[in-house]
Amino acid sequence: MSYDKRIDSFVKQEMTQSDAGAHAYDHVRRVLSIAMRMGRALGADLRILGAAALLHDVGRAKEKECGISHSILSGEMSIDILGEVGYSQDEIESVRSVIRTHRFSEGITPTSLEGEILSDADKLDALGAIGIVRAIAQATSSGVGVEGFLKHADEKLLKLHQMMYTDEGKKLAKARHSVLEDFVTELREEISNVES
Ligand code: ADP
Ligand code: NI
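Residues numbered from 1 in each chain as written. Chains lettered and ligands numbered in written order. Predicted model: local features only at pLDDT ≥ 70, side-chain atom pairs only at ≥ 80, totals over all residues. Heavy atoms only, no water.

1. Notes on the overall build of the chain
Inference 1: For the chain, the helix and strand inventory stands at 10 helices and 0 strands.
Inference 2: Reading the helices (α) and strands (β) of the chain from amino to carboxyl end gives α-α-α-α-α-α-α-α-α-α.
Inference 3: Here the chain has a C-alpha radius of gyration of 17 Å; the compact-globule value for 196 residues is 16 Å, and the two agree.
Inference 4: A principal-axis box enclosing the C-alpha atoms of the chain has dimensions of 65 × 35 × 25 Å.
Inference 5: Taking all 196 residues of the chain together, the buried fraction comes to 45%.
Inference 6: By sequence separation, contacts in the chain at least 24 residues apart represent 66% of the contacts at least 6 residues apart. (Helix = DSSP H or I, 4+ residues; strand = E, 2+ residues; numbered from the N terminus. Rg over C-alpha atoms; globule rule 2.2 N^0.38 Å. Buried < 20%, exposed > 50% of the residue type's maximum accessible area, 1.4 Å probe, protein only. Contact = heavy atoms within 4.5 Å.)

See below:
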């Protein structure tokens, strides 16, 4: 059984209210798609995984206001909608746990296959061509520019392929990692040849 489509409507409504949120909703749809593909291949519970993938970043706007991690806030914001569409208490707790452990920057180890898959899918969207676009957009909007992008790539993105949990995730990350690595090498070379 898969997730309830009303969860998607809720997430879309919550996230498309701000510009940043609109980009975040695109990210959510990509993560959902990767997660469901991996979930089908690995025999995961798609009802839990689909709900968690859709809801994992829904608390991002609130995080900016109050400073609490969106991996906690998204879980809290999931309770009512999941109850409304018929998820049991146990299922709601499972979805919250999957969301709580998704964030690679927090380093909390997932305790279920669904948690491993969501974490891997989220990391995959930070890699490859789309990962480059997202990181440059983030570096530009926060004012740190190309140097900020390169720093983030070195400190975080180029390490993600070693942090994958599932074999499927490792395979997908390998290809995306090499796209990122080639781009970073080329970018460094181009900007180092500027005459003073
Ligand atoms: P998480 O939800 O795992 O904490 P982040 O909020 O750190 O993820 O990252 C969300 C997106 O923004 C990712 O694509 C990431 O690469 C990018 N990003 C985060 N911090 C930076 C930064 N300092 N410079 C460039 N990109 C960043
Ligand atoms: Ni995410």
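Moving on from the coordinates now.
2. Focus: the nonpolar core
Inference 1: Counting 54 residues, the largest nonpolar core has Ile7, Val11, Leu55, Tyr87 and Phe149 as the members making the most contacts within it.
Inference 2: Examining the composition of this core, we find that 9 residues originate from one element, helix H2 (residues 19-42), more than from any other.
Inference 3: Both domains that meet at this core, namely domain 1 (1-108) and domain 2 (126-196), each give it at least three residues.
Inference 4: Discounting chain neighbours no more than four positions away, the residues touching leucine 55 are Ile7, Phe10, Val11, Ser74, Ser78, Ile81, Leu82 and Ile99. (Core = buried A, V, L, I, M, F, W, Y, C linked by side-chain atoms within 4.5 Å. Domains from an automatic or database assignment.)

3. A short note on the site of ligand 1
Inference 1: Taken together, Arg60, His70, Arg103, Phe104, Ser105, Arg134, Ala135, Gln138, Ala139, His152, Lys156 and Leu157 make up all the residues around ligand 1.
Inference 2: The separation between an oxygen atom of ligand 1 and a polar side-chain atom of arginine 134 is 3.3 Å.
Inference 3: A distance of 2.9 Å separates an oxygen atom of ligand 1 from a polar atom in the side chain of lysine 156.
Inference 4: Across the complex, the protein chains shield 82% of the 550 Å² of accessible surface that ligand 1 would expose by itself.
Inference 5: For the shell around ligand 1, the element with the most residues is helix H8 (residues 128-141), which contributes 4 residues.
Inference 6: When residues of the shell around ligand 1 are assigned to domains, at least three fall in each of domain 1 (1-108) and domain 2 (126-196). (Near = heavy atom within 4 Å. Polar contact = N/O pair within 3.5 Å; in protein donor to acceptor, adjacent residues only side chain to side chain. Areas by Shrake-Rupley, 256 points an atom, 1.4 Å probe, with all protein chains shown as cover.)

4. Points about the side chain of aspartate 57
Inference 1: Position of aspartate 57 relative to the elements: it lies in the loop between helix H3 (46-55) and helix H4 (60-66).
Inference 2: Residue aspartate 57 is classed as buried on the basis of its relative accessible area of 1%.
Inference 3: One polar contact links aspartate 57 to histidine 27, side chain to side chain, over a distance of 3.2 Å.
Inference 4: Sequence-distant contacts of aspartate 57, defined by excluding residues within four places in its chain, comprise Met15, His27, Val28, His70, Ser74 and His102.

5. Looking at the coordination of the nickel ion (ligand 2)
Inference 1: For the nickel ion (ligand 2), the full set of protein donor atoms is His27 (NE2), His56 (NE2), Asp57 (OD) and Asp122 (OD), and the range of their distances to it is 2.1 to 2.4 Å.
Inference 2: Of note is the nickel ion (ligand 2), whose 4 donor atoms meet at the metal with angles of 84 to 171 degrees in an arrangement that counts as irregular.
Inference 3: Read from N- to C-terminus, the donor residues coordinating the nickel ion (ligand 2) fall into the pattern H-x28-H-D-x64-D. Of the two residues, histidine 27 is situated in helix H2 and aspartate 57 in the loop between H3 and H4; the sequence distance between them amounts to 30 residues. Here the two residues histidine 27 and aspartate 57 agree in accessibility, since each one is buried. (Donors = N, O, S within 2.8 Å, 3.2 Å for Na, K, Ca; no water. Tetrahedral: all angles 85-135°; square planar, octahedral: opposite > 155°, others 65-115°.)

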